[in-house]
Amino acid sequence: MTMAAAFAKRMIATRSSQILGTANSTSSTAATSAARAFCSSSTTPITATLFPGDGIGPEIAESVKKVFTTAGVPINWEEHYVGTEIDPRTQSFLTWESLESVRRNKVGLKGPMATPIGKGHRSLNLTLRKELNLYANVRPCYSLPGYKTRYDDVNLITIRENTEGEYSGLEHQVVRGVVESLKIITRQASLRVAEYAFHYAKTHGRERVSAIHKANIMQKTDGLFLKCCREVAEKYPEITYEEVVIDNCCMMLVKNPALFDVLVMPNLYGDIISDLCAGLVGGLGLTPSCNIGEDGVALAEAVHGSAPDIAGKNLANPTALLLSGVMMLRHLKLNEQAEQIHSAIINTIAEGKYRTADLGGSSTTTDFTKAICDHL
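Residues numbered from 1 in each chain as written. Predicted model: local features only at pLDDT ≥ 70, side-chain atom pairs only at ≥ 80, totals over all residues. Heavy atoms only, no water.

**Q** What exactly am I supposed to notice about the overall build of the protein here?
**A** Scanning the protein for helices and strands turns up 12 helices and 12 strands. Burial statistics for the protein: of 376 residues in total, 54% are counted as buried. Carbon and sulfur atoms provide 52% of the accessible area of the protein, an area that totals close to 15,600 Å². (Helix = DSSP H or I, 4+ residues; strand = E, 2+ residues; numbered from the N terminus. Buried < 20%, exposed > 50% of the residue type's maximum accessible area, 1.4 Å probe, protein only. Areas by Shrake-Rupley, 256 points an atom, 1.4 Å probe, with all protein chains shown as cover.)

Structural data, given as structure tokens:
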């Protein structure tokens, strides 16, 4: 066993339980609903919705299915693909039946989906968030043992409000040559995501929650968001609360990411900061993500692009979708299988023998997947 792999084994137990788990406390109705939605025995198969997605999506989805089967995960996949025509019921290429599948199963896994740019089509990801009321995007960013990047001590969580802000989709032309986009911030959505962030911090042994904002300029909208965060913070005196301006946050993350623990923020800032954090640990190909909704719905996803240039060439890295699958398993309380798969992924990368091109290796998707299965 290489030194990197040995170090990885020591790190796995503490990091995976701290980072990839799901909250489980009674302090928040919404967060508790998401956390307690499933308590399944390993002998009862669970039905989960799977969106393989576009481009490399079907290939990496196959990797997930193979690894899950090898690990003995009791799951039945209900697969749904993006349509070729607009569904008038969703106003997007996502069908109503696919959304109903997630509502019914309350859990799903999604590969990368590509929305045509500049053609007036409703974003597929935005459709999922809006229609399923996925109010919080949770993205762990942590250094992988054995995979060298500029930083080796990153261990933070970004929690992004997912339903409003600049992504409310309210744009119009005022006069020719002048367009206006409305930023919507509500007390209800802000309290909900703030509550989830503090609840997550408390139940995962985190010590600090940072609210990211630009209230010095957007005094009404971001001011309301901060007011809600302060209100929730008062209920969690054991958690250190701070407020950081978005531009200063970016600088601090690049200088010393260890300064942060849990970051909570409105939609657009979360979109930017979460990708920045992914870059600190190796990129979106190594970063898991899970969207939390009301009524216990959880949709884990790979947040990288569909990479059409390498689609079908057996070159894609399935790590992000696999780690997102691990988050899904922890949500389902299948912690033993989640830990087993997480360990296999980390050990495979740490050993360095089998890595895809984006990780500095030359392995195919098939070979990398097989190596993970061998570690199981």
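So, next bit.
**Q** I would appreciate a short explanation of the packing of helix α4 (residues 96-105) against helix α5 (residues 124-132) in the present structure.
**A** Relative orientation and spacing of two packed helices are given, respectively, by the angle between their axes and the distance between those axes. Two elements in contact, α4 and α5, have axes whose closest approach is 11 Å; the angle formed by their N-to-C orientations is 50 degrees. The pairing of α4 with α5 is recorded here as oblique in orientation. The hand of the α4/α5 crossing is right-handed. On the side of α4, the interface is formed by Trp96, Leu99, Val102 and Arg103, while α5 contributes Leu128, Glu131 and Leu132. For the contact of α4 with α5, the per-class residue count stands at five nonpolar, no polar and two charged. (Axes fitted to C-alpha atoms, helices over the stretch in contact; angles between N-to-C directions. Parallel < 35°, antiparallel > 145°, perpendicular 65-115°, else oblique. Left-handed = near helix turned anticlockwise from the far one by under 90°. Contact = heavy atoms within 4.5 Å. Nonpolar A, V, L, I, M, F, W, Y, C, P; charged D, E, K, R; others polar.)

**Q** Please explain the environment of Lys110 as it appears in this structure.
**A** Its location among the elements puts Lys110 in strand β3 (residues 107-110). We classify Lys110 as buried; its relative accessible area is 2%. Measuring from C-alpha to C-alpha, the distance between Lys110 and Ser324 comes to 8.9 Å, with 214 residues separating the pair along the chain. Those residues within four positions of Lys110 in sequence are excluded, and the remaining contacts are Phe51, Asn125, Leu128, Leu299, Ala300, Glu301, Ala302 and Leu321.

**Q** Help me out: how do you make sense of helix α7 (residues 221-233) in this one?
**A** It helps to recall that an α-helix has 3.6 residues per turn; residues three or four apart then point in one direction. The first and last C-alpha atoms of α7 sit 19 Å apart over 13 residues, in line with the 18 Å expected at 1.5 Å per residue. Every buried residue belonging to α7 is among Thr221, Asp222, Phe225, Leu226, Cys228, Cys229, Val232 and Ala233, and all of these are buried. With its buried residues spanning 160 degrees around the axis, α7 presents them on a single face. Contacts made by the buried residues of α7 are with α6 (187-203), β8 (208-213), β9 (240-245), β10 (262-265) and α9 (267-280). (Expected span 1.5 Å × (residues − 1). Arc of directions from axis to C-beta.)

**Q** What exactly am I supposed to notice about the sheet that holds strand β4 (residues 134-142) here?
**A** Hydrogen bonds along the backbone pair up the strands of a sheet, which may run parallel or antiparallel. Taking strand neighbours across the sheet as the criterion, the 10 strands line up as β2-β1-β3-β12-β11-β4-β5-β10-β8-β9 in an open arrangement whose pairing is mixed. Each having just a single partner strand, β2 (75-79) and β9 make up the two edges of the open sheet. The mean angle between the axes of side-by-side strands here comes to 25 degrees, regardless of whether they run parallel or antiparallel. Sheet strands touched by α6: β4, β5 (155-161), β8, β9, β10 and β11 (290-293). Its angle to β5, the strand with the most contacts, is close to 160 degrees. (Pairing = 2+ DSSP bridges.)

**Q** Would you mind going over the packing of aromatic side chains with me for this structure?
**A** Applying the stated criterion across every chain, the model contains five aromatic pairs. With a centroid separation of 5.8 Å and 35 degrees between ring planes, the pair formed by Phe68 and Trp77 is classed as tilted. Assessed through its relative accessible area of 1%, Phe68 is described here as buried. With 6.2 Å between their ring centres and 40 degrees between their planes, Tyr196 and Tyr200 make a pair best called tilted. A residue pair is termed a helical-turn pair when its members lie 3 or 4 positions apart in one helix, as Tyr196 and Tyr200 do in helix α6 at four residues. Comparing Tyr196 with Tyr200 shows no difference in burial state: the two are buried. (Phe/Tyr/Trp six-rings, centres within 6.5 Å; stacked < 30°, edge-to-face > 60°.)

**Q** Looking at this model, I keep getting lost on the state of the cysteines. Mind explaining?
**A** Two cysteines form a disulfide when their sulfur atoms are joined by a covalent bond. Summed over all chains, the structure comprises zero disulfides. Free of any disulfide, Cys277 has its nearest cysteine sulfur in Cys141, 5.0 Å distant. (Disulfide = S-S within 2.5 Å.)

**Q** What exactly am I supposed to notice about the environment of Phe368 here?
**A** Position of Phe368 among the secondary structure elements: in helix α12 (residues 365-375). Classification of Phe368 by relative accessible area gives buried; the value is 0%. Each residue touching Phe368, except ones within four places of it in the same chain, is listed here: Asn317, Pro318, Thr319, Thr348, Ile349, Tyr354, Arg355, Thr356 and Ser363.

**Q** I'm lost on the pattern of salt bridges in this one. Help?
**A** A side chain of one charge can pair with a side chain of the opposite charge when the charged atoms of the two come close. This structure, assessed with the given rule, holds 21 salt bridges. The shortest N-O distance in the salt bridge between Lys65 and Glu62 comes to 2.7 Å. With Lys65 and Glu62 both in helix α3 (residues 57-70) and three residues apart, this pair spans about one turn of that helix. Salt-bridge contacts for Lys110 lead to Glu301; the nearest nitrogen and oxygen are separated by 3.1 Å. One end of the pair, Lys110, is in strand β3; the other, Glu301, is in strand β12 (residues 298-301), and 191 residues separate them in sequence. Three or more residues are tied together by salt bridges with common partners; here these are Glu62, Lys65 and Glu79. (Salt bridge = Lys/Arg side-chain N within 4 Å of Asp/Glu carboxyl O.)

**Q** Looking at this structure, how should I read a nonpolar patch on the surface?
**A** The grouping of Val174, Val175 and Val178 at the surface amounts to a nonpolar patch, some 230 Å² of accessible area in total. Within the secondary structure, Val175 is located in strand β6 (residues 171-175). (Patch = residues over 30% accessible without salt bridge, like charges linked within 9 Å, V, L, I, M, F, W, Y side chains within 5 Å.)

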